[in-house]
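Observations on the three-dimensional arrangement
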Amino acid sequence: MTLFTPLKPKELVDKYFTLHSDNNKYVCTLCYPEWAINSPVNVKVYTATRHGYTWATQHLQRVHPDYNSPVATNQSLLISEEAVSTYEWICWIVEDNLPFTFCEKERVRCHTKNNLRPITARTLINRMTQTVEVIEGIIASKLPKTFGIAFDVCGG
């Protein structure tokens, strides 16, 4: 299981491209980080086609092969809306000690439809289990083969 799912092409365009003053033309913010709409600087523009956003993914893969590396691009981690929504559901349910079925209640879905994607209790539990497995693996890889733990019962 991967902790982060890749962004969809539309999400990549929203993150890495700015709409140019000409309709359907975009400027890559990785190529021109200081560019603004009224900037006199000549920039290469990319025209959005009727066929989707393949042009954006091709540009990023060709010119910025490390575009998904936050260190290389000085950008935040690429995290899909679905992953963020799942994280928010997990935080809410765990922090407030709610039943897993809370996310399936009609009233809850009605009030969260604008900011959280709907999720079933089964999917939520599966993703929580997968997250625990990933984190256990990360922790296990960082621990030495043998180690000791001491508890101070007298504490003060």
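Anyway, here's the lowdown on the structure attached to this text. (Residues numbered from 1 in each chain as written. Predicted model: local features only at pLDDT ≥ 70, side-chain atom pairs only at ≥ 80, totals over all residues. Heavy atoms only, no water.)

1. So, the side chain of Thr 57
- Checked against the element boundaries, Thr 57 lands in helix 2 (residues 54-63).
- Apart from residues no more than four positions distant in its own chain, Thr 57 is found in contact with Pro 9 and Leu 12. (Helix = DSSP H or I, 4+ residues; strand = E, 2+ residues; numbered from the N terminus. Contact = heavy atoms within 4.5 Å.)

2. Here's the deal with the pairing of strand 2 (residues 25-28)
- For strand 1 (residues 17-19) and strand 2, the ladder comprises three bridges, and the chain directions are antiparallel. Paired with Thr 18 across the bridge in strand 2 is Val 27.
- Relative to strand 3 (residues 46-47), strand 2 runs antiparallel, the two sharing two bridges. Bridge pairing in strand 3 links Lys 25 to Thr 47. (Pairing = 2+ DSSP bridges.)

3. Points about the side chain of His 59
- When you line up the elements, His 59 lands in helix 2.
- Not counting residues up to four positions away in its chain, the partners in contact with His 59 are Phe 17, Cys 28, Cys 31, Tyr 46 and His 64.

4. Quick word on the sheet that holds strand 3
- In space, the three strands of this open sheet follow the order 1-2-3, with antiparallel pairing throughout. Each of the sheet's edge strands pairs with one partner strand only, and the pair in question is strand 1 and strand 3.
- Of the strands in this sheet, strand 1 and strand 2 touch helix 1 (residues 9-16), which is tilted by about 75 degrees from strand 1.
- Taken strand by strand, helix 2 contacts strand 1, strand 2 and strand 3, and its axis lies near 135 degrees from that of strand 1. (Axes fitted to C-alpha atoms, helices over the stretch in contact; angles between N-to-C directions.)

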